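This is what each chain is made of:
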Amino acid sequence: MSDYLVVVDYQTDFVCGALGFPQARALEQPLCRAVEQQLRRGGRVLFTLDTHGEQYLQTREGRHLPVRHCARGSEGHSLYGALKSFAPRVQLLEKDSFGARSLVTDCPIPDGASITVCGVVTHLCVLSNVILLQAVCPCSEITVDAALCADPNAALEQAAFDLMEHLHLNVINRRRTGHTVGGRDAE
């Protein structure tokens, strides 16, 4: 069985740039370790890259953001920090919305593969891409590693993890204090 790690939007603009937040910065070294381990095992790694052209601010998504970000070729568009060093060894998928449409149109991941997803922002792009993967790979085991996800809004992140669990996805390394699981208070 194939083994894939999908890292969603770990780009400069989401870590320390226009839309950066502290939780994202803390993921740099754990993500580096996860990518290195994946490659060492012979697994494949895909990075999605949030990519926007001149018309982005006129889109439904772009109208809701206070700044322009992730313009192709800009520093903000690039993989963040030490993860840049992996670019020659991984597959990069540009996307112009929350979800990478290429996961549907020409999915590089075969159905039945083992897929782990992580990255930023959990309640937007991570969730959108997990749902796309679930649609095109219904026989795949899809895992979301919560320890390798970040979101500036803790409540929305926990709601996204709840939703992913309700969609029968494996959410691992999740802290369960102070939120609900399956509609019940977590212990």
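Remember, predicted model here, so these are calculated numbers, not experimental data. (Residues numbered from 1 in each chain as written. Predicted model: local features only at pLDDT ≥ 70, side-chain atom pairs only at ≥ 80, totals over all residues. Heavy atoms only, no water.)

A. Fine view of the pairing of strand 1 (residues 3-8). Counting buried residues in strand 1 gives 5 out of 6 residues, a clear majority hidden from the surface. Examined bridge by bridge, strand 1 and strand 4 (residues 114-120) share 6 bridges and lie parallel to one another. Within the sheet, the bridge partner assigned to Tyr-4 lies in strand 4 and is Ile-115. Two strands pair when backbone bridges link them, and strand 1 and strand 2 (residues 44-50) are joined in this way by 5 bridges, in the parallel orientation. The partner of Val-8 across the bridge, within strand 2, is Thr-48. (Buried < 20%, exposed > 50% of the residue type's maximum accessible area, 1.4 Å probe, protein only. Helix = DSSP H or I, 4+ residues; strand = E, 2+ residues; numbered from the N terminus. Pairing = 2+ DSSP bridges.)

B. Representation of the pattern of salt bridges within the structure. Using the criterion set out here, one finds 7 salt bridges in the structure. Of the charged contacts, one joins Glu-165 and Arg-174 as a salt bridge, the two residues approaching to 2.9 Å between their closest N and O atoms. (Salt bridge = Lys/Arg side-chain N within 4 Å of Asp/Glu carboxyl O.)

C. Here's a closer look at the confidence of the model for the protein chain. Residues at a pLDDT of 70 or more form 78% of the protein chain, whose mean pLDDT is 83. Of all the helices and strands in the protein chain, strand 8 (residues 184-185) carries the lowest mean pLDDT, 37, while strand 5 (residues 141-150) carries the highest, 98. Segment residues 55-64: pLDDT under 50, and 14 contacts once partners within four positions in sequence are set aside and those in other chains are kept. In this model residues 178-187 is a low-confidence stretch, pLDDT under 50, and it forms 18 contacts with partners more than four residues away in sequence or in other chains. (pLDDT = per-residue confidence, 0-100. Contact = heavy atoms within 4.5 Å.)

D. Region of interest: the packing of aromatic side chains. Evaluation of the coordinates by the stated rule reveals 1 aromatic pair. Pairing Tyr-10 with Tyr-80 gives two aromatic rings, centres 5.8 Å apart and planes at 85 degrees, and the pair type is edge-to-face. Of the two residues, Tyr-10 sits in the loop between strand 1 and helix 1 (12-15) while Tyr-80 sits in the loop between strand 2 and strand 3 (91-95), which places them 70 residues apart along the sequence. Each of the two residues, Tyr-10 as well as Tyr-80, counts as buried. (Phe/Tyr/Trp six-rings, centres within 6.5 Å; stacked < 30°, edge-to-face > 60°.)

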